[in-house]
Amino acid sequence: MRISTRLILIATVAACAPMLPESPLPQLPQPETSQPAAPATPPPATPAPTTAAPAPDQAGFDGWKQGFLDRHGGARRAAYERELAGLSPDPTVIRLDGNQPEFSRPAGAYVQNAVTPARIAQAKQRADRVPWAVVQRFGVPTEILLAIWAQESAFGQVQGDFDVIRSLATLAYDGRRRDWAEGQLKHALDIVIDGRRARSGLKGSWAGAMGQTQFMPDNYLRLGIDQDGDGRVDIWGSDADALASAANLLAQAGWKRGQAWGYEVILPANFDYGLAEGARHDWAFWSARGVRLAHGGEPSAAERAEGATILLPQGARGPAFLALPNHYVIRRYNNSVSYALAIGLTADGIQGRPGLTRAWPDDAPLSREQRTGTQRALTSLGYDTQGIDGVIGANTRAALRQWQIDNGRLADGYLTAELADELIRMAR
């Protein structure tokens, strides 16, 4: 592979990063298999820091480590302590955790970077590497699995070389997602101690996601599949194991066989944008309000009966989508609208479906200060965002939409850089 191609792969694959959902998703049911694996979505490659990150406090880290061992060590305390010995926090992990591209970049920039003719062509060339037995067993289409495989690791070529245990320990010490990170760290330690994977081979993204389909440790233990029958779940080296494990996760999350993830739609001029991202309704409801599929026709009979939502990932000026249940299943992989759209639209391209009819607006990205400042401003103005974490998720968009309604604005729930600055000034 030429260096230029390698750099492109790293740039596109590093578009994913696992995060704690704004509203926690329910636990997946336990699978029938005894050792499962599961995905997440952090960037596998190690981007070079743009500025030197301050060195974390080693004494504070050592104090956190002792607390972790007290809380989670139990009968395995000595084994955990051995694996954590000599560990120091990774400042790169802390920096990357505060700037996840799914939430800092406009949806269109994220999607256009991920859904490219080159990636679709590469996926088509690998279609025969998705075991047909996996598709039949789990009901997840080949094109969806190919899209995830492409997005998570460039078909296994960029899996990440971070020490998973060090990354998760860093996230737990940093504290923003401590409970989640400590739980994942415990599972990662168990993987090594139980002999499922050598410590030297437990590599992944900065956020602890592992292998070709970027599974977090808990899902590796619950949802991993030994598809090639060699007696171990190898999501790093076995295409079959990685893809079967991803299919198992989606199936356990409720993938609906034979249904699409969603469709681009055209909204009428008088559409009530306050309905977007709200309650789910069947196709008859949306059709009665003038919503039409962008490429004509109608959803299938099964899809027409499903509850669906209108998504406006870049507000009223951007493309609109009818999100069916499978869209939300994809978000069990990464609870980001941008990520789920990238997977769905890549899968559509693999199938040869036409592209979007409406262009993405060229909006500026939001800085972390604008994101947290907006959340702080809305909350102070009486529109609770359910936390100030810099993630412009469903709760923040709902609060913004209500503010827009109350102030006579077009209520599309979309935050631009200009609107963020306006809200921050208003709350001072």
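Provided above is the structure to which this section pertains.
A quick note: this is a predicted structure, and the numbers were derived from the prediction, not measured.

Describing the overall build of the chain
Now for step 1: Check the secondary structure of the chain and you find 20 helices and six strands.
Now for step 2: Scored against the burial criterion, the 428 residues of the chain give a buried share of 56%.
Now for step 3: Intrachain contacts of the chain at a sequence separation of at least 6 include 74% that bridge at least 24 residues.
Now for step 4: Carbon together with sulfur atoms contributes 50% to the accessible area of the chain, which is approximately 17300 Å² in total.

As for the sheet that holds strand β4 (residues 292–293)
Now for step 1: Strands sit in the order β4-β3-β6-β5 across an open sheet of four strands; the sheet is antiparallel. A single partner strand is all that each edge strand has here, and the edge strands are β4 and β5 (309–311).
Now for step 2: Of the strand pairs in this sheet, strand β3 (residues 262–266) and strand β6 (residues 320–323) are connected by four bridges, and their pairing is antiparallel. Of the residues in β6, the one forming a bridge with glutamate 264 is phenylalanine 321.

Observations regarding the pattern of salt bridges
Now for step 1: Within the structure shown, the criterion is met by 21 salt bridges.
Now for step 2: For arginine 199, the salt bridge goes to aspartate 163, with nearest N and O atoms at 2.9 Å. Here the residue arginine 199 occupies a position in the loop between α11 (178–193) and β2 (203–204), and aspartate 163 occupies one in strand β1 (residues 162–163), the gap between them amounting to 36 residues.
Now for step 3: When its relative accessible area of 21% is taken as the criterion, arginine 199 is described as partly exposed.
Now for step 4: One salt-bridge network, in which partners are shared between bridges, spans Arg76, Lys186, Asp190 and Asp194.

As for helix α18 (residues 368–380)
Now for step 1: Compared with the 18 Å implied by 1.5 Å per residue over 13 residues, the 18 Å span of α18 between its first and last C-alpha is a close match.
Now for step 2: Restricting attention to buried positions, one finds in α18 the residues Gln370, Arg371, Thr372, Gly373, Thr374, Gln375, Ala377 and Leu378.
Now for step 3: Positive backbone phi, approximately 100°, marks glycine 382, located one or two places after α18.

Digging into the pairing of β6
Now for step 1: Along β6, one buried face is formed by Ala320 and Leu322 and the opposite face, lined by Phe321 and Ala323, is buried too.
Now for step 2: Examined bridge by bridge, β5 and β6 share three bridges and lie antiparallel to one another. Across the sheet, the residue bridging to leucine 311 is phenylalanine 321, located in β6.

Rules and cut-offs
- Residues numbered from 1 in each chain as written.
- Predicted model: local features only at pLDDT ≥ 70, side-chain atom pairs only at ≥ 80, totals over all residues.
- Heavy atoms only, no water.
- Helix = DSSP H or I, 4+ residues; strand = E, 2+ residues; numbered from the N terminus.
- Buried < 20%, exposed > 50% of the residue type's maximum accessible area, 1.4 Å probe, protein only.
- Contact = heavy atoms within 4.5 Å.
- Areas by Shrake-Rupley, 256 points an atom, 1.4 Å probe, with all protein chains shown as cover.
- Pairing = 2+ DSSP bridges.
- Salt bridge = Lys/Arg side-chain N within 4 Å of Asp/Glu carboxyl O.
- Expected span 1.5 Å × (residues − 1).

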